[in-house]
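Residues per chain, in single letters:
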Amino acid sequence: MLSKRIIACLDVRDGQVVKGINFEGLRAAGDPAELARRYNAEGVDELVILDITATLERRRALADTIRAVARELFIPLAVGGGIRTEADAAAAVDAGADKVSLNTAALSNPSLITTLAERYGSQAVLVAIDAKWEGDRAAVYVRSGSTPGNRDAVEWAKEAEDRGAGEILLTSIDRDGTKIGFDCRLTAAVSRAVSIPVIASGGAGTLDHFVDVFTSGRADAALAASIFHYAETSVRSLKQHLKQHGIPVRL
Amino acid sequence: MIALIDYKAGNLTSVRKAFAALGAELFTPERPGELDSADAIVVPGVGHFGATRALGPDWIEAILGRVGELRPLLGICLGMQWLFEGSEEAPDLPGLGLLSGQCYKLRGAPHGVNEAVKIPHVGWNSLEIQREGSIVDGVANGAQVYFTHSFVAPVTGDTVAITTHGEPFASIVQRGHVAGVQFHPEKSGDVGLQVLRNFLSMVG
């Protein structure tokens, strides 16, 4: 039976993981490769490196970060943040990324999804959708959630699938950082509408939040960052909790 | 030297990297004639079966020639499907024909019936080992590996392990020194590395 995936997200700025890190025994607290190694040992199913570097010249550090993480990690690695062109995607893939995550660029230039799917295969193309509720409609936001994308999240997810996306990374802006739980209503709405996997993100605070998003939220995978970074919970104990609730996981 | 066939079906960085971690350097032949010096051949690949069209008659002849000399061959994902006679994904295009059977699309289930079965099949799923084979030495029954595909190879006498996603399909095949894996050993953690190590043992 296909396992539900637990994905850890590393927010990286200028080659260092940001969002406080609280692991004991790390040589350098913010070193992405060190953190990736730790997560891998704990049994994480996949990693996402999200580059939040502000300036273009500092972005060169990203390829070095990907290379360092990919060198010894043999699980899927996705890279997102600021991938706007085919060349940006190629740089990430050449450095060792298995998947690239498109957000703002996919919405402003949807043909980029198809271009990359044709070049690398759909399995290599994640479309990230940041959404928040406006009445009964889940609206897409871009530029780190600051700008309305004038699209309905469910419709956009369907279009992204049609254009060749292999997975949807769905972040609830309403829940992000709140630790009150994933937006199961949003996740289920998108998951029902597409046949490609949906990764839920935003709002993880407790182990039961993951149970909820895999059951009523119909998520195929769940992504979290700080809940793991701060060592509030380990990936392994989360998976054991899920297994106890009858959710298939890789242990 | 082990030849890694690049027919532009996906990026090969990860495959090369995983073999390098096991101490094996791969070379990418530019022409079929360069396979003469290959001790073994790896055919990777993701995506559409039609991509194997790039491996024309001269490539097929060179690969079958090495296989005839008992050089080990490993097909990964699309590369495994190519070992079979063909695929309904590209009906006009024959496969290598080393293993009998046609590849076909996972049926999945319509929405509302069983929404857990989505196509493509993406993620970690378990290996149900059916019989012994050097390619699964040291791999525990039930071990999980990473898949990403929509088409599958049929379960036949060459099947070493099956995996179930709505229906059972062949996830590991082996006939003598020809082996194939539907999952991505380069992305499947320690289990995947063990499978690659087993292949390297076949190379000797």
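Caption draft 1: Molecular detail of the overall build of chain A. Summing up its helical and strand segments, chain A has ten helices and eleven strands in all. Over its C-alpha trace chain A gives a radius of gyration of 17 Å, about what one expects of a compact globule, namely 18 Å for 251 residues. Summarising its shape, the C-alpha atoms of chain A cover approximately 45 × 45 × 35 Å along the three principal directions. Taken over 251 residues, chain A has a buried fraction of 52%. Of the contacts made within chain A by residues no fewer than 6 positions apart, 64% connect residues no fewer than 24 positions apart.

Caption draft 2: Focus on the sheet that holds strand S4 (residues 73-76) of chain B. Residue and element names in this part refer to chain B. Taken in spatial order, the eight strands line up as S2-S1-S3-S4-S13-S12-S11-S8 in an open sheet, and their pairing is mixed. The open sheet has two edge strands with one neighbour each: strand S2 (26-27) and strand S8 (128-129). Sheet topology note: the S4/strand S13 (residues 178-181) ladder contains four bridges and is parallel. Of the residues in S13, the one forming a bridge with Leu74 is Ala179.

Caption draft 3: Structural context of the pairing of strand S12 (residues 167-175) of chain B. Residues and elements named next belong to chain B. Bridge analysis of strand S11 (residues 159-165) against S12 gives six bridges, and the strand direction is antiparallel. Note that in S12 the partner of His165 across the bridge is Glu167. With antiparallel pairing between neighbouring strands as the criterion, S11 and S12 make up a hairpin whose turn holds one residue, including Gly166 at a positive phi of roughly 80 degrees. Across four bridges, the pairing between S12 and S13 is antiparallel. Within the sheet, the bridge partner assigned to Ile172 lies in S13 and is Val181. From the end of S12 to the start of S13, which pair antiparallel, there are two residues, and Gly176 there has a positive phi angle of about 60 degrees.

Caption draft 4: Local environment of the packing of helix H1 (residues 32-42) of chain A against helix H2 (residues 60-70) of chain A. Residue and element names in this part refer to chain A. Where H1 contacts H2, the axes come no closer than 8 Å and their chain directions differ by 30 degrees. The element H1 and its partner H2 pack so that their crossing is right-handed. On H2, the residues that touch Pro32, Ala33 and Ala36 of H1 are Thr65, Ala68 and Val69. Across the contact of H1 with H2, the residue classes break down as five nonpolar, one polar and no charged.

Caption draft 5: Here's a closer look at helix H3 (residues 86-95) of chain A. Residues and elements named next belong to chain A. Taken together, the buried positions of H3 are occupied by Asp88, Ala89, Ala92 and Val93. Seen along its axis, H3 keeps its buried residues to an arc of 130 degrees; they face one direction. Packed against the buried residues of H3 are H2, strand S4 (77-80), strand S5 (99-102) and helix H5 (111-120). One or two residues past the end of H3 sits Gly96, with phi positive at roughly 125 degrees.

Caption draft 6: Quick peek at the interface of chain B and chain A. Contact with chain B, which involves 29 residues of that partner, is made by 24 residues of chain A. When contributions to the side of chain B that touches chain A are tallied by element, the ones reaching two or more residues are helix H1 (13-21), strand S7 (121-126), strand S9 (144-149), S11 and helix H4 (189-203) of chain B. Of the residues forming the side of chain B that touches chain A, the biggest block, five residues, is contributed by S7(B). In the side of chain B that touches chain A, the residues fall into eight nonpolar, 16 polar and five charged.

Caption draft 7: How the structure looks around the sheet that holds strand S6 (residues 102-105) of chain B. If you walk across this open sheet you meet the three strands as S5-S6-S10 (chain B), and the pairing is mixed. Among the strands making up the open sheet, the edge pair consists of strand S5 (86-87) and strand S10 (151-152) of chain B.

Caption draft 8: Spotlight on the confidence of the model for chain B. Confidence in the prediction for chain B averages 94 pLDDT; 96% of positions are at 70 or higher. Both confidence scores are given for the complex: pTM 0.94, ipTM 0.92.

Caption draft 9: Local environment of the nonpolar core. Formed by 145 residues in total, the largest nonpolar core has its most connected members in Leu47(A), Val100(A), Val127(A), Ile168(A), Ile199(A) and Ala222(A). Setting aside residues up to four positions removed in sequence, Ile168(A) forms contacts with Val127(A), Ile129(A), Ala157(A), Ala160(A), Val190(A), Val194(A), Ile196(A), Val198(A) and Ile199(A).

Caption draft 10: Molecular detail of the environment of Leu223(A). Its location among the elements puts Leu223(A) in strand S11 (residues 221-224). Among residues more than four places away in sequence, those in contact with Leu223(A) are Ile7(A), Cys9(A), Val48(A), Leu169(A), Ile199(A), Ala200(A) and Ser201(A).

Caption draft 11: Seen up close, unusual backbone geometry. Cis peptide bonds are those with omega within 30 degrees of zero, and the linkage from Ile119(B) to Pro120(B) qualifies with 10 degrees. Checked against the element boundaries, Pro120(B) lands in the loop between S6 and S7. Backbone geometry places Arg218(A), a non-glycine residue, at a positive phi of 55 degrees. If you trace the backbone, Arg218(A) turns up in the loop between helix H8 (207-215) and S11. The partly exposed category is assigned to Arg218(A), around which 19 C-beta atoms lie within 10 Å. Even without a glycine there, the phi angle at Leu70(B) is positive, about 65 degrees. The residue Leu70(B) is located in the loop between helix H2 (57-68) and S4 in this model. Judged by the 11 C-beta atoms lying within 10 Å of it, Leu70(B) is exposed.

Caption draft 12: View of the environment of Asn11(B). If you trace the backbone, Asn11(B) turns up in the loop between strand S1 (2-4) and H1. It is 17 Å that separates the C-alpha atoms of Asn11(B) and Trp82(B), two residues lying 71 residues apart in sequence. Aside from chain neighbours lying at most four places away, what touches Asn11(B) is Val93(A) and Tyr120(A).

Caption draft 13: Region of interest: H8(A). Along H8(A), the residues that are buried comprise His209(A), Phe210(A), Val211(A), Val213(A) and Phe214(A). Looking at the packing, one finds that the buried side of H8(A) touches helix H7 (184-193), strand S10 (198-201), S11 and helix H10 (235-244) of chain A.

Procedures and definitions
Residues numbered from 1 in each chain as written. Chains lettered and ligands numbered in written order. Predicted model: local features only at pLDDT ≥ 70, side-chain atom pairs only at ≥ 80, totals over all residues. Helix = DSSP H or I, 4+ residues; strand = E, 2+ residues; numbered from the N terminus. Rg over C-alpha atoms; globule rule 2.2 N^0.38 Å. Buried ≥ 20, exposed ≤ 12 C-beta atoms within 10 Å, placed from the backbone. Contact = placed C-beta atoms within 7 Å. Pairing = 2+ DSSP bridges. Axes fitted to C-alpha atoms, helices over the stretch in contact; angles between N-to-C directions. Left-handed = near helix turned anticlockwise from the far one by under 90°. Nonpolar A, V, L, I, M, F, W, Y, C, P; charged D, E, K, R; others polar. Arc of directions from axis to C-beta. pLDDT = per-residue confidence, 0-100. Core = buried A, V, L, I, M, F, W, Y, C linked by C-beta atoms within 7 Å.

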